[in-house]
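Architecture and fold: a report
Below, each chain spelled out in residue letters.
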Amino acid sequence: MSNEVVTGTTRVCGLIASPVAHTMSPAMHNAAFRSLGLDYIYVPFLVAPEDLPNALDGLRALGIRGFNVSIPHKVTCIPFLDGLDPLAEHIGAVNTVVNNDGDLRGYNTDAEGFLRSLTERDIPVARQNIVIVGAGGAARAVAYILAREGAYLTMLNRTPEAAETLADMIEDDFGQRVPFFALEEAALEEALAEAHILVNTTSVGMSPDNDASPVPARLLRADLTVCDIVYNPVRTALLAAAEAAGAATVSGVEMLAWQGALAFELWTGAGAPFDLMRGTVLELLQTHEE
Ligand code: ATR
């Protein structure tokens, strides 16, 4: 490969989202391509909802090798794809697409990425009691993959109806009856009393709301593993309180880097340099915080 960043043979990957300006994926993927000497480049594409069908046709026509899909297209892109990986089909959301000669196949590496953030740190999931806070799109991916791995779930959400819908989906797919509650302190206390792992899938605590936490600090214990899918800030108020209680923590950066690593492997067939990808994201986030 030449020293030029882009040549006549460079394969292109990217991201479709709106907004797209603050994404860390280009830095993460381009660092990974460069470190492995792969002739690939990753670029952001700002795509408004009404332009999604044309954008997907364009990506196909241009022979873009693959792309990530983010807000607001993760669900709406599905009818325009040519096929879905079974996991993405069950979750009903796609965050990664592979283009094989015009055949666009959708995957969900958010779910697998979240699972990896636990398993790669030897945190067991099967037969563990796991409390999921939130019931949006991210909760759906997290709940599905944890139920698939044999975890026992409890769900709490500000709007209990959304938790009920998600609990019903898990029961339909896995035969597991999932208790669900409104996100209130008494219900949290009861659910956490038996829990091994707590996962925040809500946006509570995300920058600039850094001091907010979805769970009161007094409910956290040393024998709990606390995961936050919020990655900015890296150390959310929830994770800081968990650390102070002596609990193990998993930050949203782990899931972000793992979903990227898994997408990278789908596009290139090469093993992803995970530590580099995670380090690139951490460096960018630290620069933001300064
Ligand atoms: P995502 O795809 O990132 O999961 P989403 O589908 O909009 O985003 O879901 C956001 C989740 O965060 C929901 O569970 C939402 O609760 P509601 O269903 O009640 O809206 C939760 N959420 C957002 N802001 C919240 C807040 N201030 N307090 C509690 N939950 C909040």
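Here, the structure is the one placed above.
Residues numbered from 1 in each chain as written. Predicted model: local features only at pLDDT ≥ 70, side-chain atom pairs only at ≥ 80, totals over all residues. Heavy atoms only, no water.

**Some words on the site of the ligand**
Looking at the ligand, the residues that line it are Gly134, Ala135, Gly136, Gly137, Ala138, Asn157, Arg158, Thr159, Thr202, Ser203 and Val204. In the environment of the ligand, an oxygen atom lies 3.0 Å from a nitrogen or oxygen atom belonging to the backbone of alanine 138. When the ligand sits alone it has 650 Å² of accessible area, and the protein chains cover 60% of it. Looking at the shell around the ligand, its residues break down into three nonpolar, seven polar and one charged. (Near = heavy atom within 4 Å. Polar contact = N/O pair within 3.5 Å; in protein donor to acceptor, adjacent residues only side chain to side chain. Areas by Shrake-Rupley, 256 points an atom, 1.4 Å probe, with all protein chains shown as cover. Nonpolar A, V, L, I, M, F, W, Y, C, P; charged D, E, K, R; others polar.)

**Examining the sheet that holds strand β1 (residues 11–17)**
Reading across from one edge, β2-β1-β3-β5-β6-β4 is the order of the six strands in this open sheet, with mixed pairing throughout. The sheet is open, and its two borders are formed by β2 (40–46) and β4 (83–84), each paired with just one other strand. Two strands pair when backbone bridges link them, and β1 and β2 are joined in this way by seven bridges, in the parallel orientation. Counterpart to leucine 15 in the pairing with β2 is proline 44. (Pairing = 2+ DSSP bridges. Helix = DSSP H or I, 4+ residues; strand = E, 2+ residues; numbered from the N terminus.)

**Some details on the environment of leucine 276**
Considering the arrangement of structural elements, one finds leucine 276 in helix α10 (residues 274–289). Accessibility expressed as a relative area gives 34% for leucine 276, which makes it partly exposed. Residues leucine 276 and methionine 28 lie 248 residues apart in sequence; the distance between their C-alpha atoms is 7.9 Å. Here leucine 276 is in contact with Ala31, Ala32 and Ser35, once residues within four sequence places are set aside. (Buried < 20%, exposed > 50% of the residue type's maximum accessible area, 1.4 Å probe, protein only. Contact = heavy atoms within 4.5 Å.)

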